[in-house]
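Here are the chains, one letter per residue:
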Amino acid sequence: MKMYSFFLCLAISSCSCQYQTVARGKKYSEASSSEYKLYFQDDQGNIVSPWHDVPLFTQTDRFNQTYNMIVEIPRFSQAKFEIHREHLMNPIVQDIEDAHPRYLPNLFPWHGQVCNYGAFPQTWENPFHEDEWTGLKGDKDPIDVCEIGSKPEPTGTVLPVKILGILALIDGGETDWKVIVMNSKEAAEKNINTLNDLREKYPGLLESVRKFFRVYKVPSGKPENKFAYIGEVKDKALAEAVISFTHEAWKVMINNCSISGEDVGSFNTGNTQQGSACTVGREEARGEVDRQPLYDPVEAKLPDTVNEWSFLQSSASRRGAGFFQPFYLAILVVTVLLANYK
């Protein structure tokens, strides 16, 4: 165990400085001409794809028990950042919905995203084939990861994590797996190795995470999400099997330079380090970054609605009831105060 801990520490320390981010555009910008993009480069200054070039496993952990997570959305933040499937070198961008940058709702008692949210590199939830566990096709993206450690992690962090379990969310008839992890350093310090360890040290946390993923789309008028396995968070064994399945799908994907399909869009498999048919030269990758608008450190003004809370009364929300905005809550509070005053 001591020897394993030694290698684990090496994995954590090496990954923290192996990659840096290169920002372009203006954060939160509404204008497509100044769209915010976060590119990645290695410690030699070479542009890399966070989806294809960052390895799934930390390279110094010879036991393959420590995975690299790409953090897209820091915990308790609202901007819906994600690895872009279609752009060359797959920068992290803010998702667009109804022609505007997308923000997660503040669903009481949470503020934005409930965990450090991101993805595993070198994985692909294939939208053209069903998986063996749910019988449904994948959601097109690298597999999603929910890190439940005690500290928020910035967008673009390559974070070594320990696998704990997995939640099988069903979204629009597709499987949208959510792998539950903890950053490896904290997991080792707190001796959290299994879901049972997590439940013992943080009772209610898993239930809160599951509830968040069930209801977070309801404020925008969508129904509650559903789950396979009756919403049970499955253990590490299934999580690793699913990750391996998506990793094998990615291995096939990375050699196909023209993947596209009706209703799924296209997939950019350009990379600089995989030696595949889709590998591009370092100059071409750097040129792609240099063509983008220069980084503007002054962030765009956030919409006023970003700091509003939405409230859930009951599971009746899936029938269109149960949510009301802070404006109506304010009216209720004022009414009660006036009644008491009289």
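Residues numbered from 1 in each chain as written. Predicted model: local features only at pLDDT ≥ 70, side-chain atom pairs only at ≥ 80, totals over all residues. Heavy atoms only, no water.

Visitor: What am I meant to see in the overall build of the protein chain here?
Guide: From N to C terminus, the protein chain includes seven helices and 19 strands. Classification of the 342 residues of the protein chain by burial places 51% in the buried group. The contacts of the protein chain with a sequence gap of at least 6 include a subset with a gap of at least 24, amounting to 69%. For the protein chain, the computed accessible surface area is about 16500 Å², with 53% contributed by carbon and sulfur atoms. (Helix = DSSP H or I, 4+ residues; strand = E, 2+ residues; numbered from the N terminus. Buried < 20%, exposed > 50% of the residue type's maximum accessible area, 1.4 Å probe, protein only. Contact = heavy atoms within 4.5 Å. Areas by Shrake-Rupley, 256 points an atom, 1.4 Å probe, with all protein chains shown as cover.)

Visitor: Looking at this structure, I do not really get the pattern of salt bridges. What am I missing?
Guide: For side chains bearing opposite charge, pairing can occur when the charged atoms are close. All chains considered together, the criterion is met by 17 salt bridges. A salt bridge links Lys 217 to Asp 171, with the shortest nitrogen-to-oxygen separation between them at 2.8 Å. Of the two residues, Lys 217 sits in the loop between α4 (205-215) and β14 (226-227) while Asp 171 sits in strand β12 (residues 158-171), which places them 46 residues apart along the sequence. A relative accessible area of 12% means that Lys 217 is categorised as buried. Glu 232 is the salt-bridge partner of Lys 234, the closest N and O atoms lying 3.6 Å from each other. (Salt bridge = Lys/Arg side-chain N within 4 Å of Asp/Glu carboxyl O.)

Visitor: I would appreciate a short explanation of the side chain of Asn 90 in the present structure.
Guide: Position of Asn 90 relative to the elements: it lies in the loop between β5 (81-83) and β6 (92-94). Polar contacts involving the side chain of Asn 90 include one to the side chain of His 52, which spans 3.4 Å. One polar contact links the side chain of Asn 90 to the main-chain carbonyl oxygen of Asn 268, over a distance of 3.3 Å. Excluding residues that lie within four positions of it along the chain, Asn 90 makes contacts with Ser 49, Pro 50, Trp 51, His 52, Ile 83, His 84, Arg 85, Asn 268 and Gly 270. (Polar contact = N/O pair within 3.5 Å; in protein donor to acceptor, adjacent residues only side chain to side chain.)

Visitor: Looking at this model, I keep getting lost on the packing of aromatic side chains. Mind explaining?
Guide: For any two aromatic rings, the description comes down to two numbers: the centre-to-centre distance and the angle of the planes. Here the structure, examined in full by the defined rule, presents 17 aromatic pairs. Residues Phe 212 and Tyr 216 carry aromatic rings whose centres are separated by 5.3 Å and whose planes lie at 10 degrees to one another, so their mutual orientation is stacked. Each member of the pair, Phe 212 as well as Tyr 216, is classed as buried. Cluster of aromatic residues (ring-pair linked, three or more members): Trp 110, Tyr 117, Phe 212, Phe 213 and Tyr 216. Here the basic side chain of Arg 75 rests over the ring of Phe 76, its NZ or CZ set 4.9 Å away from the ring centre. (Phe/Tyr/Trp six-rings, centres within 6.5 Å; stacked < 30°, edge-to-face > 60°. Lys NZ or Arg CZ within 6 Å of the ring centre and 35° of its normal.)

Visitor: Sorry if this is basic, but what is going on with the state of the cysteines here?
Guide: Any covalent bond linking the sulfur atoms of two cysteines counts as a disulfide. Scanning the entire structure with this criterion turns up two disulfides. Residue Cys 115 pairs covalently with Cys 146 via a disulfide, S to S 2.3 Å. Taking the sign of the S-S torsion, -135 degrees for the link of Cys 115 and Cys 146, the bridge is left-handed. Of this pair, Cys 115 sits in the loop between β9 (106-107) and β10 (116-119) while Cys 146 sits in strand β11 (residues 144-147), and the two are 31 residues apart along the sequence. (Disulfide = S-S within 2.5 Å.)

Visitor: In this structure, what is going on with the side chain of Lys 140? I would like to understand it.
Guide: Within the element layout of this structure, Lys 140 appears in the loop between β10 and β11. In this structure the side chain of Lys 140 is engaged in a polar contact, spanning 3.4 Å, whose partner is the side chain of Glu 174. Once residues lying within four places of it in the same chain are set aside, the contact partners of Lys 140 are Trp 51, Arg 85, Trp 124, Glu 125, Pro 127, Glu 174, Asp 263, Val 264 and Phe 267.

Visitor: Is there a simple way to explain the confidence of the model for the protein chain in this structure?
Guide: Caution applies to low-pLDDT parts of the model: their predicted coordinates are not meant to be read in detail. Looking at the protein chain as a whole, its pLDDT mean stands at 88, while 87% of the residues score no less than 70. Considering only residues more than four positions removed or in separate chains, one finds that residues 1-14, a stretch of pLDDT under 50, has 19 contacts. Scored below 50 in pLDDT, residues 315-342 shows 28 contacts in the model against residues more than four places distant or in partner chains. (pLDDT = per-residue confidence, 0-100.)

Visitor: Whenever I open this one, helix α6 (residues 282-290) confuses me. Can you help?
Guide: Side chains three or four residues apart in an α-helix point the same way, a direct result of the helix having 3.6 residues per turn. For α6, the set of buried residues is Ala 285, Gly 287, Glu 288 and Val 289. Structurally, α6 contributes buried residues whose contacts are with β1 (19-24), β2 (37-42) and β3 (47-48).

Visitor: Could you clarify how one ought to interpret the pairing of β12 in this entry?
Guide: When a strand is regular, its side chains alternate between the sheet's two faces. Taking burial as the measure, the 14 residues of β12 include 13 buried ones, the bulk of the element. Where β12 hands over to strand β13 (residues 174-183), the hairpin turn is made up of two residues, of which Gly 172 adopts a positive phi near 60 degrees. In the sheet, β12 pairs with strand β15 (residues 234-235) via two bridges, with the strands oriented antiparallel. Paired with Ile 166 across the bridge in β15 is Lys 234. (Pairing = 2+ DSSP bridges.)

Visitor: Honestly, unusual backbone geometry in this entry has me stumped. Any pointers?
Guide: The phi torsion of most residues other than glycine is negative, and most of the peptide bonds are trans. Going from Phe 108 to Pro 109, the amide bond is cis rather than trans, its omega being 10 degrees. Inspection of the secondary structure assignment puts Pro 109 in the loop between β9 and β10. Within the chain, Ala 99 stands out as a residue other than glycine whose phi angle is a positive 70 degrees. Note on Ala 99: relative accessible area 63%, which makes it exposed. Of note in this structure, Gln 122 is not a glycine but carries a positive phi near 55 degrees. By the element assignment, Gln 122 lies in the loop between β10 and β11.

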